[in-house]
Amino acid sequence: MAITLEDLAKHLELSVFGDAWVEITHVAPLDKARDGALAFLTNRHYRRYLATTGASAVILTADDLPFCRTNALVSPNPALTYSRAVRLLTPEVSLAAGIHPSAVVSPLAKIDPSSRIGAQVVVDEAVVVEAGCDVGPGSYLARGAWIGEGTRLVARVFIGHDVKVGRNCLIQPGAAIGGDGFGFARDQQAWERIPQLGTVRIGDRVEIGSNTCIDRGALEDTIIEEGVKLDNLIQIGHNVRIGAHTIVAGSTGIAGSTKIGACCQIGGMVGIVGHIEIADHVTITGRSMVARSIHTPGIYSGGMPSDHAARWRRNTARFRQLDEMADRLHIIEKTLEKD
Amino acid sequence: MAITLEDLAKHLELSVFGDAWVEITHVAPLDKARDGALAFLTNRHYRRYLATTGASAVILTADDLPFCRTNALVSPNPALTYSRAVRLLTPEVSLAAGIHPSAVVSPLAKIDPSSRIGAQVVVDEAVVVEAGCDVGPGSYLARGAWIGEGTRLVARVFIGHDVKVGRNCLIQPGAAIGGDGFGFARDQQAWERIPQLGTVRIGDRVEIGSNTCIDRGALEDTIIEEGVKLDNLIQIGHNVRIGAHTIVAGSTGIAGSTKIGACCQIGGMVGIVGHIEIADHVTITGRSMVARSIHTPGIYSGGMPSDHAARWRRNTARFRQLDEMADRLHIIEKTLEKD
Amino acid sequence: MAITLEDLAKHLELSVFGDAWVEITHVAPLDKARDGALAFLTNRHYRRYLATTGASAVILTADDLPFCRTNALVSPNPALTYSRAVRLLTPEVSLAAGIHPSAVVSPLAKIDPSSRIGAQVVVDEAVVVEAGCDVGPGSYLARGAWIGEGTRLVARVFIGHDVKVGRNCLIQPGAAIGGDGFGFARDQQAWERIPQLGTVRIGDRVEIGSNTCIDRGALEDTIIEEGVKLDNLIQIGHNVRIGAHTIVAGSTGIAGSTKIGACCQIGGMVGIVGHIEIADHVTITGRSMVARSIHTPGIYSGGMPSDHAARWRRNTARFRQLDEMADRLHIIEKTLEKD
């Protein structure tokens, strides 16, 4: 597929600087781009590549334009423009609708004829798959699951019974949505499972990463609001609620009944304890442990940066004496005051 | 399904306070319960809802009874009573026994006729599935696996060759039980796999969460004793042994050859190094790193609570100087002693 | 299978000490070995078992030989020798080549007739499976995937479109190779997916653990070089590159665009931020957070060892005041200097 820079600019409602008739055929990284390539610049660190890039055009901000020696598309948000240009340059493969003969679909499920049910998929009774969905190979939709219009399950996804997935969601391989929550009552020294009667409700345009797990609620539902983006290997406990447009990086865990606000940014490997609340617009940097509610927007951290092993060992040994050190410091101050 | 509070109390061997003839049809959260609902109270924090709940009855302790304005079931363990009441109110769907025509079952496997083998399941030779099991869609039981009576594999579960799973276990979607242990011998700069000849043995009433992994042993077996409860995304290395009734929260990792006692409670995202021992009745709070054996029951912690990013940054910078600070403190003390 | 110690030694090119005619039938742990067993000793801690072992022979170093009372194979690398002896004693089950009738294989895929495609596998068009591969039950190879000679996918493995897997790799159950990278552009308060156009390229003799995830690159490819060993539940972001023979323990996460050198050893639950570089021959101990590039080989740590909960609480409370403590310490020093 080839498109002139002018046509691309028209679609994206942006201005061209330079030769509007140059043909764009693909995208490429700024430092490796050749003829026909569209590149983009979002990080000032790479501005130096503007001098040498072989790209036919570069998407950049007005600030970076003076440094550009090739053609340019000026955008207030180059990453977003790039994302949309890619979609124009690589039209999506149209879905081969229909139910693969190897799929096992209950006659009591309702599958829109415009959707694809892939090979080896299993669909139980009372499942609804709306229009334009793609249920990838090896997925399993349990009784009563509901998949909204235009949603794609890449492959081998588990959707538990009665789970509701919104429209235009994207769920990566191995995700498990709607396993039982981890709730037990003590019975002497043993633990007895508390039946998990809630389900999971997922809003529109939510993305869920590979092998991420979202447990169903105990009595009420676990809720992931619209536009939430979850990376791989994330653990979401029962009755958690995540507000709209919050983004969570990989290997993070959120324990049961915690409520997270809208538009939060949560780094990788963060651990958030159960039964707390986090306000809207909170940023939590990677590797933090959040043990209390956060009521004020802002940036919070909790990851200890690593060090040379020998120095680290000495410092962690001292950490075990830190409270005692603080007491000693206080005694010295008292002594000096008296002098 | 409806049942009088009196009948419910009789089944549960508890006493009714209030109207024994009220009809219970379902369970609901205390603050949202309406007519026909049974609620429960375990957390004093929610005692205030007793004044306004619309529940037809509440399960609570004798201590909370004076605050209750509706009917009550008094129990020494409300969570356990609730759990059992739910089972009475929601009779389990009886299993449609038999092998789904899409399943691939070796003629050399032994499947009890009372068990269900779901759609797209694969069962290799020499597998035994005892009575009353439910092997959910897309699961795979490799050669020689053994599944004890009444055990349920929800869906897409992997059971490696020769793995033994006990009775009345519950294994959530995507769990991988019996992958190869992570054992290598150095060969110059490369690593050569050491064959993993052991297997995994899982006791009765064990629960295993979604996408949790338990590796097979190197020479001897990895052992999960009866009643152990494992949450989602947990990593259990080869030759680990976990004692009876120990409970482990999500995203925790236990490295190879570590032995954990009985009745331990291990929080989420805990990391336990290999080749150590942890005594019975040890509690480890979330996010701890356990690097040495623990011989004494008690509570152990290791998670650093997060803070405002700016203050956190300053404090972690100082942490790099902590050993030096301790030395300076010592010098000051010596100086003052001399004075 | 039985073999004399002499024959075993000949195959392994090692010397026998003691009775060369003794028959070896299996391997066993040093402390539990009986007649016919071959054991091995790599850890001085277990040297005491040499006095009492019932093994017919023990693999050990020349240093440990004087303490051995049974027959011995002396090796400079007992673990490697043991690994190879096991392979001699337990000949691999020969693969039943061919495509299982329940598998769904595109007529446009190219499957070498010496390979096995297991039950319920799905293979899309333009996939290539080279000679001697074993694609285990429930796996899915998307369009254009390429599996090198002798590679084994144990079961339920996801290989995304156009992913290249090298020769003699071993991929454990549930691994997801080639899901979409986690890349989004902001669009007002929402996030819009940036199409992930790269793929994943995996070298020869790579091993990937259960439920581990490796995301495809955004524009260029994610690269795992030859001989890399990845444990279970590891998260590898888009555009990461891991150098040859690097080994990574379980539950570790490596964020996008980070480059890791060759021959590194990375412990469990390590978190490595995105866009940094780690040199060759770097060791990172378990639970470290690596937030900056590491340019020098060596050992780096970042895991805080846990403590009794009460002391831990006191010390972490003081940690919040550490920067202030440092200032107070400095003031005291100034005061004393003046005196």
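## Quick word on the relation of the copies chain B and chain C
With an RMSD of 0.0 Å, the fit of chain B onto chain C corresponds to turning through 120° and sliding 0.0 Å along the axis. Taken together, these values place the two copies in the relation of a three-fold axis.

## Considering the sheet that holds strand S12 (residues 122-123) of chain B
On the basis of which strands lie adjacent, the open sheet formed by ten strands has the order S9-S12-S15-S18-S21-S26-S29-S32-S35-S38 (chain B) and parallel pairing. Each edge of the open sheet is held by one strand with a lone partner, namely strand S9 (104-105) and strand S38 (289-290) of chain B.

## Some words on the packing of helix H3 (residues 309-319) of chain B against helix H4 (residues 322-338) of chain C
Axis angle and axis distance: for two packed helices, these are the angle between their axes and the distance between the axes, and together they describe the pair. It is at 7 Å that the axes of H3(B) and H4(C) come closest, and there the two elements cross at 55°. What the angle tells us is that H3(B) and H4(C) run oblique. On the side of H3(B), the interface is formed by B:Arg314, B:Asn315, B:Arg318 and B:Phe319, while H4(C) contributes C:Leu322, C:Asp323, C:Ala326 and C:Asp327. Among the residues making up the contact of H3(B) with H4(C), the classes are represented as three nonpolar, one polar and four charged.

## Points about the domain arrangement of chain A
Bring the parts together and some accessible area is lost; that lost area is often taken as the interface size. Entries for chain A in the domain assignment read domain 1 (3-89), domain 2 (98-300) and domain 3 (309-338). One C-alpha centre belongs to domain 1 of chain A, the other to domain 2 of chain A, and the line joining them spans 37 Å.

## Here we look at the interface of chain A and chain B
Taken together, the 70 residues of chain A in the interface contact 64 residues of chain B. Summing both partners gives a buried area of about 5800 Å² for chain A against chain B, and 61% of it is carried by carbon and sulfur. When the area that chain A buries against chain B is broken down by residue, the three leading residues are A:Phe182, A:Trp191 and A:Met289, summing to 12%. On inspection of chain A and its partner chain B, the count reaches ten salt bridges.

## Description of the sheet that holds strand S12 (residues 122-123) of chain C
Residues and elements named next belong to chain C. Taken together, ten strands build an open sheet; the order of strands is S9-S12-S15-S18-S21-S26-S29-S32-S35-S38 and the sheet is parallel. Each end of this open sheet is capped by a strand with a single partner; those strands are strand S9 (104-105) and strand S38 (289-290). As paired strands, S12 and strand S15 (residues 140-141) are joined by two bridges and run parallel to one another. Pairing of Val122 across the sheet is with Tyr140, part of S15.

## Observations concerning the pairing of strand S6 (residues 57-60) of chain C
Residues and elements named next belong to chain C. Across the two faces of S6 the burial is the same, with Ala57 and Ile59 and Val58 and Leu60 all buried. Bridging between strand S5 (residues 37-40) and S6 involves three bridges; their strand directions are parallel. Of the residues in S6, the one forming a bridge with Phe40 is Ile59. Two elements, S6 and strand S7 (residues 71-74), share four bridges in a ladder whose sense is parallel. Pairing of Ala57 across the sheet is with Asn71, part of S7.

## Things to note about the side chain of A:Ser301
Position of A:Ser301 among the secondary structure elements: in strand S39 (residues 298-301). For A:Ser301, a relative accessible area of 8% translates into the label buried. Polar contacts involving the side chain of A:Ser301 include one to the side chain of A:Thr285, which spans 2.8 Å. If near-sequence neighbours (up to four positions away) are discounted, A:Ser301 is found in contact with A:Thr285, A:Ser288, B:Ser306, B:Asp307, B:His308, B:Ala309 and B:Trp312.

## Re the interface of chain B and chain C
Between chain B and chain C, the residue contacts involve 70 residues of the former and 64 residues of the latter. For the pair chain B and chain C, the two sides together bury roughly 5700 Å², of which 61% comes from carbon and sulfur. Per-residue buried area on chain B facing chain C is highest for B:Phe182, B:Trp191 and B:Met289; these three make up 12% of the total on that side. Inspection of the chain B/chain C interface yields ten salt bridges. B:Glu192 is paired through a salt bridge with C:Arg87; the nearest N and O atoms lie 3.8 Å apart. Counting across the chain B and chain C interface gives 33 residue pairs in polar contact (both at pLDDT 80 or more). Of all the elements in the fold, those that place two or more residues in the side of chain B that touches chain C are strand S21 (176-179), strand S22 (184-187), strand S23 (190-193), strand S26 (213-215), S38, strand S39 (298-301), H3 and helix H4 (322-338) of chain B. Bridge analysis of S39(B) against strand S40 (residues 307-308) of chain C gives two bridges, and the strand direction is antiparallel. When the bridges of S40(C) are listed, B:Tyr300 appears paired with C:His308.

## Focus: the packing of helix H4 (residues 322-338) of chain A against H4(C)
In contact at an axis separation of 11 Å, H4(A) and H4(C) are set at 35° when each is read in the N-to-C sense. Along this stretch, H4(A) crosses H4(C), giving a crossing that reads as left-handed. Note on element contacts: H4(C) touches H4(A) through C:Leu322, C:Met325, C:Arg328, C:Leu329, C:Ile332 and C:Leu336, opposite A:Leu322, A:Met325, A:Ala326, A:Leu329, A:His330, A:Ile332, A:Glu333 and A:Leu336. Its residues assigned to classes, the contact of H4(A) with H4(C) shows eleven nonpolar, one polar and two charged.

So, how was this worked out
Residues numbered from 1 in each chain as written. Chains lettered and ligands numbered in written order. Predicted model: local features only at pLDDT ≥ 70, side-chain atom pairs only at ≥ 80, totals over all residues. Heavy atoms only, no water. Least-squares fit on C-alpha atoms with pLDDT ≥ 70 in both. Pairing = 2+ DSSP bridges. Helix = DSSP H or I, 4+ residues; strand = E, 2+ residues; numbered from the N terminus. Axes fitted to C-alpha atoms, helices over the stretch in contact; angles between N-to-C directions. Parallel < 35°, antiparallel > 145°, perpendicular 65-115°, else oblique. Contact = heavy atoms within 4.5 Å. Nonpolar A, V, L, I, M, F, W, Y, C, P; charged D, E, K, R; others polar. Domains from an automatic or database assignment. Buried area = accessible area lost by both parts, 1.4 Å probe. Salt bridge = Lys/Arg side-chain N within 4 Å of Asp/Glu carboxyl O. Buried < 20%, exposed > 50% of the residue type's maximum accessible area, 1.4 Å probe, protein only. Polar contact = N/O pair within 3.5 Å; in protein donor to acceptor, adjacent residues only side chain to side chain. Left-handed = near helix turned anticlockwise from the far one by under 90°.

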